Amino acid sequence: MVNLDVNNKKEIEEIIKNLAITKQLNFLIGSGVSMPAIPLMSMVPGTDEEEKNENLVKEIRKISKNILKEDFSVKKVEQTYRNYCRFLFQVIQLLNMSNSRQVPRSVNLFTTNYDLFIEKAIDKLSIENRFVFNDGANGYFKRYIDSSNYNRVVSYKGLNDNYINEIPSINLIKPHGSVNWKQENDRILVNNDVVDDCVVVKPTGIEGQETFLNNYFHDMLRM
């Protein structure tokens, strides 16, 4: 139990920071995080639930295409993208301060969103920051989802193998799918672009059941 003054912002920040660099980090990112670019389900037009779901997926696909093209002509899309960049930059900074001897220098990002804001922000941040990004896919020209890939640890070693330094890693787990995922036979292929028939679990109210019945999504939830 931690005793603190709830009105002392600096003390609270220090305690949270200390916990963040000494514990395994996990973040659950829900639909509201991608606002204002992507509306909540209640804001989507439609006469019934099925039509609302279809319209939501269309909107997410449209915005995700703009993200990949770096088309930020729509202010709310740029605002959401910058919010993700700021958040992930702080996560990377925390990982750099953590002690890999105490806890793995990694963070798990669980998101029920199937937009590509995180992936695009990661792409930008990887230019000037040293970290490993793991979306669970394996391959080169064709990358397929395999949950066992999340168990990887990447390290630097000295020229004479005299030390090992774990590289900060960000694991992205999308238990509701993504607009760049496509089913190929009995596997899920991760594309570099938005696909037409994407693999997503729509918010129908029974998505938990759908997720449980799908082996790939079940593995991700089990993590």
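In this text the structure is predicted, and so the values were computed from the model without any measurement.

Re the overall build of the protein
The secondary structure content of the protein amounts to six helices and 11 strands. Against the 2.2 N^0.38 benchmark of 17 Å for 223 residues, the protein shows a C-alpha radius of gyration of 19 Å, consistent with a compact globule. Its C-alpha atoms give the protein principal-axis dimensions of about 60 × 50 × 35 Å. Counting over 223 residues, the protein shows a buried share of 39%. Considering only contacts in the protein between residues 6 or more positions apart, those separated by 24 or more positions represent 65%. Accessible surface, the protein as shown: approximately 13500 Å² in total, 49% of it carbon and sulfur.

Here we look at the side chain of Asp115
Note on placement: Asp115 falls in the loop between β2 (106-111) and α4 (117-125). Buried Asp115, no salt bridge; nearest opposite-charge side chain is Lys174, N-O distance 5.7 Å. A distance of 2.7 Å separates a polar atom in the side chain of Asp115 from a polar atom in the side chain of Ser34. Apart from residues lying up to four places away in sequence, Asp115 is in contact with Ser34, Ile38, Ile60, Ser64, Lys174 and Ser178.

Observations regarding the confidence of the model for the protein
Residues at a pLDDT of 70 or more form 90% of the protein, whose mean pLDDT is 86. By mean pLDDT, helix α5 (residues 207-213) is the weakest element of the protein at 57, and α4 is the strongest at 97.

Notes on the pattern of salt bridges
Within the structure shown, the criterion is met by seven salt bridges. Residue Arg61 pairs with Asp196 through a salt bridge whose shortest N-O separation is 2.9 Å. Taken together, the residues Arg61 in helix α2 (residues 49-68) and Asp196 in the loop between β10 (187-190) and β11 (198-200) connect sequence positions 135 residues apart. Note that Asp135 and Arg143 form a salt bridge whose closest N and O atoms lie 2.8 Å from each other. Note on Arg143: relative accessible area 23%, which makes it partly exposed. Here the salt bridges share partners, and the residues they tie into one network are Lys75, Glu78 and Arg82.

As for a negative patch on the surface
On the surface, a cluster of negative charge is made up of Asp48, Glu49, Glu50 and Glu51. Within the secondary structure layout, Glu51 lies in helix α2.

Rules and cut-offs
Residues numbered from 1 in each chain as written. Predicted model: local features only at pLDDT ≥ 70, side-chain atom pairs only at ≥ 80, totals over all residues. Heavy atoms only, no water. Helix = DSSP H or I, 4+ residues; strand = E, 2+ residues; numbered from the N terminus. Rg over C-alpha atoms; globule rule 2.2 N^0.38 Å. Buried < 20%, exposed > 50% of the residue type's maximum accessible area, 1.4 Å probe, protein only. Contact = heavy atoms within 4.5 Å. Areas by Shrake-Rupley, 256 points an atom, 1.4 Å probe, with all protein chains shown as cover. Lys, Arg positive; Asp, Glu negative; His and termini not counted. Salt bridge = Lys/Arg side-chain N within 4 Å of Asp/Glu carboxyl O. Polar contact = N/O pair within 3.5 Å; in protein donor to acceptor, adjacent residues only side chain to side chain. pLDDT = per-residue confidence, 0-100. Patch = residues over 30% accessible without salt bridge, like charges linked within 9 Å, V, L, I, M, F, W, Y side chains within 5 Å. Charge placed at Lys NZ, Arg CZ, Asp CG, Glu CD.

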